[in-house]
Amino acid sequence: MEEGFAIWANPSSPHAEGRKAKAALEDARERIKRALDWNGELIFTSGASEALAIGLQRTKADRRIVSAVEHDAVFRAAPGAEQFSDGLALNERAILAIQHVNSETGVINPVDKMCDAIRPTGALLLSDCAQSAGKLSLPGADMLVVSAHKFGGPIGIGALLVRDFNLLEPIGGHERGYRQGTENMLGALGMAAALEADDWHTTAEDRAGFAKELGADVMALGEQADYIFALTHPRMSAQALLIRLDAMGFAVSAGSACSSGTLKKSRVLDAFGVSDEVAARTIRVSLGWSTTAQELEQFAEAWASLS
């Protein structure tokens, strides 16, 4: 990004400085595609939310179908969308949104298998990969959504990976006419560098040992990523856990949120079929690229001390 600041100019400008910035932007685009093993097109966005909006609102389809466990940004991008269910009839005018890794539970959805089943219907599949890009191999969906800060890149930059531009309605402007606003060349360079660094401070063995130490308190809902957990305490409420762990120096999220003085169950946990009583004692624990093995040990000790 420092290199980008040194050559900053509007990448869409035709003068020499603009062409230099454009070359850096396009180099970052190709590096990101290579790092993600993506052979289609890439539209830079301000993050996952904008990428979801482009993919769901401007796709050439008149039916939008979403799963019950999607991120809130999906529901904002596709208000009034149909609810996905087994046996739902699909056709070439439909686009289905299925996330790759759930952001609250770490459950990995079998998106590749879904692609194989959906493709003969002619429907499109968009997969929110904000929680898997840079960590897991990405599925072969028609569109993928990624966000740089989830894998150590800068905030304010993400991308919509699209198999073919013909799947979307253009609006003019930048990014081949599929996005308005000056391109964030600096963010794109940082995003590419973060993917290429792949600099996790913990190993798969560290994370597996962490999950084993937490034991039965890790909610078992399906195939599990090793960096996001829904963790349920036998007795303490999520709010009490959040306060106690925060005092110990750990930043976690509550599986249940307090809104307007009323305790509301997580929509995602509800969709997974988790009971109200268990959801009220469940928090979200996520590991970042900079999390260390020592921090995992310290958290496991802190968790064991809670009563």
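What counts and how
- All residue numbers refer to positions counted from 1 along the written sequence of the respective chain.
- For this predicted model, a pLDDT threshold of at least 70 governs which residues receive local features, and a threshold of 80 or more governs which side-chain atom pairs are given and counted, while totals over whole chains, interfaces and linings are taken from all residues.
- Excluding hydrogens and water, the side-chain figures rest on all heavy atoms present in the structure.
- Here, nonpolar core means buried Ala, Val, Leu, Ile, Met, Phe, Trp, Tyr and Cys residues that are tied together by side-chain atoms lying within 4.5 Å of each other.
- Summary of the burial criterion: residues with accessible area below 20% of their type's maximum are buried, those above 50% are exposed, and those between are partly exposed, where the area comes from a 1.4 Å probe applied to protein chains only.
- Secondary structure counts use DSSP, requiring at least four H or I residues in a row for a helix and at least two E residues in a row for a strand, with both numbered from the N terminus.
- In what follows, a contact means two residues having at least one pair of non-hydrogen atoms within 4.5 Å.
- The rule for pairing is simple: two strands pair if DSSP sees at least two bridges between them.
- Orienting the strands away from the viewer, one traces the path from the first strand over the helix to the second; a clockwise path indicates a right-handed crossover.

### A closer look at the nonpolar core
Ranked by internal contacts, the top residues of the largest apolar core, which has 39 residues, are Ile32, Leu36, Phe44, Leu161, Met185 and Met191. At the level of elements, helix 2 (16-35), strand 1 (41-45), strand 4 (94-97), helix 5 (111-118), strand 6 (143-147), strand 7 (158-162) and helix 6 (185-197) are the ones that each hand at least two residues to this core. It is helix 6 that provides the largest number of residues to this core, a total of eight residues. Among residues more than four places away in sequence, those in contact with phenylalanine 44 are Leu25, Ala28, Arg29, Ile32, Ile157, Gly158, Ala159, Glu175, Arg179, Ala188 and Met191.

### Observations regarding the pairing of strand 5 (residues 124-128)
For strand 5, a buried count of five out of five residues is recorded, marking the element as mostly surrounded by other parts of the structure. Relative to strand 5, strand 4 runs parallel, the two being bridged by three bridges. Bridging across to strand 5, isoleucine 95 finds its partner in leucine 124. Running through helix 5, the crossover from strand 4 to the neighbouring parallel element strand 5 is right-handed.

### Details of the environment of alanine 211
Note that alanine 211 resides in helix 7 (residues 204-214). Overall, alanine 211 belongs to the partly exposed group, its relative accessible area being 23%. Linking alanine 211 and alanine 271, residues 60 residues apart in sequence, is a C-alpha distance of 23 Å. In this structure alanine 211 touches Val218 and Phe229, once residues within four positions along its chain are discounted.

No statement about biological role is implied by the geometric values presented.
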